[in-house]
Amino acid sequence: MLDALFGILILVLPTIYGISAVLRWPFYVLGVLALMLIITTNVKAPDTAAS
């Protein structure tokens, strides 16, 4: 959940602060990587998932 919040926030951040288009690409790369982490990571606490 925290990864999703971070990913969305980092994607919206350049628009909120008015960062120029030339400097936005690192924000987009990090945001997309954070969202990809959500999709690819499957970590569950022990004894919480059905076997």
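Not measured: the values here are computed from a predicted model.

**Q** Which residues make up the packing of helix α1 (residues 2-17) against helix α2 (residues 25-40), and what are the values?
**A** The geometry of α1 relative to α2 is characterised by a closest axis approach of 8 Å and an angle of 160° between their N-to-C directions. Comparing the axis directions of α1 and α2 gives the class roughly antiparallel. Between α1 and α2 lies a crossing whose hand is left-handed. Contacts from D3, A4, F6, G7, I8, I10, L11, L13 and P14 in α1 reach F27, Y28, L30, G31, V32, A34, L35, L37 and I38 in α2. Broken down by class, the residue content of the contact of α1 with α2 amounts to 15 nonpolar, 2 polar and 1 charged.

**Q** An account of α1 is requested, with residue identities and associated values reported.
**A** Across its 16 residues, α1 extends 22 Å between first and last C-alpha, which sits within 8% of the 22 Å expected from 1.5 Å per residue. By the largest-angle criterion, L11 marks the main kink of α1, which is about 30°, and a proline, P14, follows within four residues. Looking at α1, one finds that the buried residues are G7, I10 and P14. Where α1 is buried, its residues touch α2. Immediately downstream of α1, the backbone of G18 shows phi near 65°, a positive value.

**Q** Can you tell me about the environment of A34, naming the residues and giving the values?
**A** Structurally, A34 can be placed in helix α2. Residue class for A34 comes out buried when judged on its relative accessible area of 8%. A34 sits 26 residues away from I8 along the chain, and the two C-alpha atoms are 8.6 Å apart. Those residues in contact with A34 that sit more than four places away from it in its chain are D3, F6 and G7.

Definitions and cut-offs
Residues numbered from 1 in each chain as written. Predicted model: local features only at pLDDT ≥ 70, side-chain atom pairs only at ≥ 80, totals over all residues. Heavy atoms only, no water. Axes fitted to C-alpha atoms, helices over the stretch in contact; angles between N-to-C directions. Helix = DSSP H or I, 4+ residues; strand = E, 2+ residues; numbered from the N terminus. Parallel < 35°, antiparallel > 145°, perpendicular 65-115°, else oblique. Left-handed = near helix turned anticlockwise from the far one by under 90°. Contact = heavy atoms within 4.5 Å. Nonpolar A, V, L, I, M, F, W, Y, C, P; charged D, E, K, R; others polar. Expected span 1.5 Å × (residues − 1). Bend = angle between axes of the 7 residues up to and from the residue. Buried < 20%, exposed > 50% of the residue type's maximum accessible area, 1.4 Å probe, protein only.

What is shown is where atoms sit, not what they do.
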